[in-house]
Amino acid sequence: MPNSLDKILNSGTKIKIVRFFVFHEADYRCTGRQVARMVKVSAPAAHAGLKELAKEQILKLEVIGKQHIYHLNYDNRLVKDILIPSFKKELAIKEEDSRLIANDKTIAPKNDYDAIIIGAGISGLVCGCYLAKAGLKTLIVEKNVYPGGYCCSFKRGKYKFDACVHALSSLRSGGLLNKFFKELGITERINFNRHDPTDIIITPDFKINISQDINKTISSFQKVFPNEKSSLERFFKYLYFSKSFFEHRSKNFDELLNIYFSDAKLKNIFSTIIFLIAGCPTYKISAVVACLLYKEFVCDGGYYPVGGIQTVPDTLKQRFKEYGGQIIFDAEAKKIIIENNTAMGIVLKNKTKISSEYVISASDFQQTMFNLIDASDIQLKRIEKIRSLEESSPGFIVYIGIKGKRPEITELKSNIYLMTNHDSINAKYSQVKNCTNDFIGIHVPSVWDKTLNMEGRMSICLATNTDFHEEKFWNKEKRKEFADRLIKLAEIAIPNLSKEIDLCLTATPNTLNKWTRNHNGSAYGWAGTVEQFGNPELSQKTWIKNLFITGHWSNQSSGVSFVSNCGYDTADLILHNKI
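Within every chain, residues take consecutive numbers counted from 1 along the sequence as written. Owing to the predicted nature of the model, reporting of local features is limited to residues with pLDDT of at least 70; listing and counting of side-chain atom pairs is limited to 80 or more, with chain, interface and lining totals taken over all residues. Side-chain numbers come from the whole structure's heavy atoms, not from hydrogens or water.

A. Expanded view of the pattern of salt bridges. Basic side-chain nitrogens of Lys or Arg form a salt bridge, by our definition, when they fall within 4 Å of a carboxyl oxygen of Asp or Glu. Using the criterion set out here, one finds 18 salt bridges in the structure. A salt bridge links E471 to K514, with the nearest nitrogen and oxygen atoms 2.7 Å apart. Of the two residues, E471 sits in the loop between strand 19 (457–465) and helix 18 (476–490) while K514 sits in helix 19 (residues 509–516), which places them 43 residues apart along the sequence. Classification of residues uses two cut-offs on accessible area relative to the type maximum, computed with a 1.4 Å probe and protein chains only: under 20% is buried, over 50% is exposed, and between them is partly exposed. Taking relative accessible area as the criterion, K514 reaches 47% and is therefore assigned partly exposed. A salt bridge links D484 to K480; its shortest N-O distance comes to 2.7 Å. One end of the pair is D484 and the other is K480, both in helix 18 and 4 residues apart, which spans about a single turn. For K480, a relative accessible area of 53% gives the class exposed. Members of the salt-bridge network, linked through shared partners, are R172, R194, E296 and D300. Helix and strand assignments follow DSSP, with helices taken as H or I runs no shorter than four residues and strands as E runs no shorter than two, numbered in order from the N terminus.

B. Structural detail: helix 20 (residues 560–577). The span you would expect from a helix comes to 1.5 Å times its residue count less one. Its 18 residues give helix 20 an end-to-end C-alpha distance of 26 Å, which sits within 8% of 26 Å, the value for a rise of 1.5 Å per residue. Among the 18 residues in helix 20, 17 count as buried, and that is most of the element.

C. Broad picture of unusual backbone geometry. Here D196 and P197 are connected by a cis peptide whose omega angle stands at 10°. When you line up the elements, P197 lands in the loop between strand 8 (192–193) and strand 9 (199–202). Unlike most non-glycine residues, S170 shows phi in positive territory, near 65°.

D. Examining the packing of helix 11 (residues 264–278) against helix 16 (residues 425–434) more closely. Structural elements are reduced to axes, namely lines fitted to C-alpha atoms, with helices fitted over the stretch in contact, and the angle between N-to-C directions of any two is expressed from 0 to 180 degrees. Direction vectors running N to C along helix 11 and helix 16 enclose 35°, while the axes themselves pass 10 Å from each other. Note on packing geometry: the crossing formed by helix 11 with helix 16 is right-handed. Facing helix 11, whose interface residues are N268, S271, T272 and F275, helix 16 presents I425, K428, Y429 and V432. Here the nonpolar group is Ala, Val, Leu, Ile, Met, Phe, Trp, Tyr, Cys and Pro; Asp, Glu, Lys and Arg are the charged ones; every other residue, Gly included, is treated as polar. Classifying every residue of the contact of helix 11 with helix 16 gives 4 nonpolar, 3 polar and 1 charged. Definitions for this section: a left-handed crossing has its near helix turned counterclockwise from the far helix by less than a right angle. A right-handed crossing has that turn clockwise. For this analysis, residues touch if any pair of their heavy atoms sits within 4.5 Å.

E. Main features of the packing of helix 2 (residues 12–22) against helix 4 (residues 43–55). The N-to-C vectors of helix 2 and helix 4 enclose an angle of 70°; their axes lie 9 Å apart at closest approach. For the element pair helix 2 / helix 4, the angle class is roughly perpendicular. Contact residues: T13, K14, I17, V18 and F21 in helix 2; A45, A46, G49, L50, E52 and L53 in helix 4. When the residues that make up the contact of helix 2 with helix 4 are grouped by side-chain class, the tally is 7 nonpolar, 2 polar and 2 charged. Orientation categories follow fixed angle ranges, with anything under 35 degrees roughly parallel, anything over 145 roughly antiparallel, 65 to 115 roughly perpendicular, and all other angles oblique.

F. Expanded view of the sheet that holds strand 16 (residues 395–403). Here we have 7 strands laid out as an open sheet, ordered 10-9-17-18-19-16-20, and mixed in their pairing. At either end of the open sheet lies a strand with only one pairing partner, and these are strand 10 (207–210) and strand 20 (501–507). Strand-to-strand, the axes of this sheet are offset by a mean angle of 20°, without reference to chain direction. Any two strands between which DSSP finds at least two bridges are classified as paired.

G. Spatial organisation of the packing of aromatic side chains. By convention, a stacked pair of Phe, Tyr or Trp rings (six-membered ring in the case of Trp) has centres within 6.5 Å and planes under 30 degrees apart, an edge-to-face pair has planes over 60 apart, and any other such pair is tilted. Applying the stated criterion across every chain yields a total of 36 aromatic pairs. Their ring planes at 55° and their centres at 6.0 Å tell us that F236 and F270 sit as a pair that is tilted. Of the two residues, F236 is situated in helix 9 (residues 229–241) and F270 in helix 11; the sequence distance between them amounts to 34 residues. Across the pair, F270 and F236 agree in class, each one buried. Here F365 and W526 contribute two aromatic rings whose centre-to-centre distance is 5.7 Å and whose plane-to-plane angle is 65°, an arrangement assigned as edge-to-face.

H. Structural view of the pairing of strand 16. With 8 of 9 residues buried, strand 16 lies mostly within the body of the structure. Where strand 16 lies against strand 19, 9 bridges are found, and the strand directions are antiparallel. Along strand 19, the bridge assignment pairs I402 with M458. Of the strand pairs in this sheet, strand 16 and strand 20 are connected by 6 bridges, and their pairing is antiparallel. When the bridges of strand 20 are listed, V398 appears paired with T506.

I. View of a positive patch on the surface. On the surface, K16, K40, K110 and K545 cluster together into a positively charged patch. Looking at the secondary structure, you find K40 in the loop between helix 3 (32–39) and helix 4. The class for K40 is partly exposed, based on a relative accessible area of 44%. Residues with no salt bridge and a relative accessible area higher than 30% make up the patches, which join like charges within 9 Å and nonpolar side chains (Val, Leu, Ile, Met, Phe, Trp, Tyr) within 5 Å. Accessible surface is estimated by sampling points in the Shrake-Rupley manner with a 1.4 Å probe; for residues, cover comes only from the protein chains shown. For the purpose of charge, His is not counted, nor are the chain termini; Lys and Arg are scored as positive and Asp and Glu as negative. One atom stands in for each charge, and that atom is NZ of Lys, CZ of Arg, CG of Asp or CD of Glu.

J. Quick look at the pairing of strand 18 (residues 439–443). Buried residues dominate strand 18, accounting for 5 of its 5 residues. The side-chain alternation of strand 18 yields two buried faces, one formed by F439, G441 and H443 and the other by I440 and I442. Relative to strand 18, strand 17 (residues 415–419) is paired through 4 bridges, and the arrangement is antiparallel. Across the sheet, the residue bridging to L418 is I440, located in strand 18. Note: strand 18 against strand 19, 3 bridges, orientation antiparallel. Bridging across to strand 19, G441 finds its partner in A463.

By themselves, these are just geometric observations and shouldn't be taken as functional.
Right, here's the structure in full:
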């Protein structure tokens, strides 16, 4: 064992690599190029170190096509008993030192803050909590008057609506969100309702229940598709129990579905759901991304916070302040100060300058690079790359308020995926371009949560994919036309809905862009295509020193659980950068 330690710790590069892997999830995997970028060493040095660590069995190596994927070898006792405890102790000491320094009034601070986060969405809040918890003086600036970004709620008259996010996922024991909530001490502060089935798929021919029990879900699918009985069991068990999907790194989701299934209707159901929850068609989306989303959103979804979705960002905001963080609302960042290719702070809309050692943009990537940073600080080749990247599709949302309850419709206690035919995903993609969609998601929070207390009323949310158009396209008549179409579709699940409407509001991609600054109102950040997923250009670290990106524009996938993970990882990178 001494000889092994001598070999492992004989270079700064290998120490950085081991430290990097120790502070990620047990199943974290990445390429040599990503490691080089994250630990700030040259690609040749990183590859040499990785090769030696794999030879010493500290890391495991998977070769997938032309890519070399590395992850920590938790089967090695040296890793489990010495390296992991040692590096985690190192971080604990560093965090304690940071707290002592932060509380030492004799040390004059160089900057106004250690870290400034632009945007109080979920990723920004999670990142801020971990930084403040570690003792960094942290500021969050948010352009709106309350936190959450897409994960928020709003009121109109007697009605309360969830803006975009309709439920949470990954709260099972060992789930990502469960882990962060526990570590941040907010598990006991939020109560969740979870109806069974969590989701219902409604088509002209059948209904399928997605249940908390995976065996019930499999059985519901098998009753409709008996010829795919064994394939369905293999597919769901693969989604539910696999720790990694990187073996399918080079495939799109269509190709993966074709490996398992032959029934076109069945494949179209899986395709439509992933289109709704990822904003990317199956012939483009990475099989890895699609599997991750199914594992978290479908196999472990349907958790609704008592009090509404706004409860989640409000609780994170409160925890951030308890850790010593400061948050300013109605404060829009207009510029990131860059000197000598290093982020130095921000300038607010009111021209207030605030200095910091680190700047983290929990905002749109293009908004950050093209509006908050001077063009002279971005290399031309990088601008061209960014311009060529594909975004996920935006959404069109209808918020409906009706007087009275509909207790006879038990399906409303579940999230509903409704599709009126079995057209291919190519056809559905064409529908999106022309606003002729025949598929929607339906969410009725007032059925889930009695505490919303809307005096006998119901709030209903209808959502579907659309394409971005200039604001003049979404005139009053076009909004009404598209909303009426979706309401008519919803009447398959909620008969006579159109006759009971007391309030009807719509949100176009332009509305969502104004609220969150997500480019073109994109619902899920970058499209999770085969070509773009894992692109090192889209990682949390940027080419500008001490400037980080967090959230679904950092290409770690989308949804509350994944952007929370991104916030955690971003804080982790900054804390290790300070060691």
